[in-house]
Amino acid sequence: MARAIARGWGDPVLCSDGGSGRAAALVAELGGEALTNAQVAERADLVVLCHKPYQLGPVAEEIRETAKAVASVLGATSNDDLQSAYPGVPVFRLMPNTPVEVRRGIVCYVRGRVDVDAALEAQVLELFDRLGKVVRLPESQLPPAAAVMSVGPAYVALVAEAQVDAAVRHGLPAPLASELVAETLAGTAALLAARDYDTLAVRREVTSPGGSTARGLDALERGGLRGAFQAAADAVILGGRR
Ligand SMILES: NC(=O)c1ccc[n+]([C@@H]2O[C@H](COP(=O)([O-])OP(=O)(O)OC[C@H]3O[C@@H](n4cnc5c(N)ncnc54)[C@H](OP(=O)(O)O)[C@@H]3O)[C@@H](O)[C@H]2O)c1
């Protein structure tokens, strides 16, 4: 996720890693410097936490005294968790998805403390807005939001792959099938935005009574498409709690 965000910004970065050398690889690509966590915190105006949630404590131990402000993209890590790890430091909880790399991401933003510095908050949101679209929402809505937007790119890729496989079985070359499917997804996303995200309207426009689209949709419903997505949402949202 750090790499996707940095690529989306496209600027030189000050970054660190856990020892794998990925920070140096990112610097070789974008410019900037691969540093220690402490050095990043000393030199950066904003530290973007992109480690795994369980690493919150150890990383905070290293940088909480020097970090000027912290933006976190950590899943399952609330504003309270962040504020406890970084007492007295302005913290911002964000949830991006991988299309940030091509500046078509969604970044959910959950406001933390009520006394957050408005000018700093505006600067942070402006930075993330460069990666696509920032959507503000209450923390209680973040789990179902993440269950569509954060894991969503993998679902969409799987749906595309299934369609490509089906077309290949009927004789279409795979590269052509892939292009047709991907461009149809992109075009339909744009059409949905133009129709105020009214999925039923877009579906009805393509579906003549008793026609081929209606037969295809019926096959998908009977194949359990809706139930599969519901089960996926349950697995993502409830999985960690059960
Ligand atoms: N993947 C997504 O689509 C997505 C979407 C939204 C939010 N997130 C959140 O983003 C975070 C990262 O996920 P990911 O999929 O990008 O995981 P990842 O590929 O494992 O990346 C985690 C990075 O954190 C680095 N790291 C580990 N310990 C560190 C330490 N002590 N100091 C500095 N850096 C350290 C790792 O360094 P090494 O390279 O040395 O291992 C690695 O580069 C998670 O909290 C996840 O919830 C992910």
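Read on for a plain summary of the structure. (Residues numbered from 1 in each chain as written. Predicted model: local features only at pLDDT ≥ 70, side-chain atom pairs only at ≥ 80, totals over all residues. Heavy atoms only, no water.)

### Some words on the pairing of strand 7 (residues 132-136)
So the rule is basically this: Note on pairing: DSSP must find at least two bridges between two strands before they are called paired. Here a helix means four or more residues in a row that DSSP labels H or I, a strand means two or more in a row labelled E, and each is numbered from the N terminus. Whether a crossover is right-handed comes down to one check: with the strands pointing away from the viewer, does the path from the first strand over the helix to the second run clockwise; if it does, it is right-handed.
Pairing of strand 6 (residues 105-110) with strand 7, which is carried by five bridges, proceeds in the parallel orientation. Within the sheet, the bridge partner assigned to Ile-106 lies in strand 7 and is Lys-133. On the question of chirality, the crossover connecting strand 6 to the parallel strand 7 by way of helix 6 (residues 118-129) is right-handed.

### Points about the pattern of salt bridges
One side chain can pair with another of opposite charge once the charged atoms of both are near each other. Condition: Every case where a carboxyl oxygen of Asp or Glu lies within 4 Å of a side-chain nitrogen of Lys or Arg is listed as a salt bridge. Remark: exposure states derive from per-residue accessible area (1.4 Å probe, protein chains only) relative to the maximum for the residue type, with buried under 20%, exposed over 50%, and partly exposed in between.
Summed over all chains, the structure comprises eleven salt bridges. Between Arg-64 and Glu-61 there is a salt bridge, and its shortest N-O distance comes to 3.4 Å. Overall, the relative accessible area of 57% leaves Glu-61 in the exposed class. Between Arg-93 and Glu-139 there is a salt bridge whose closest N-O contact spans 2.8 Å. With Arg-93 in strand 5 (residues 91-96) and Glu-139 in the loop between strand 7 and helix 7 (142-149), this residue pair connects regions lying 46 residues apart in the sequence. Overall, the relative accessible area of 7% leaves Arg-93 in the buried class. A relative accessible area of 29% means that Glu-139 is categorised as partly exposed.

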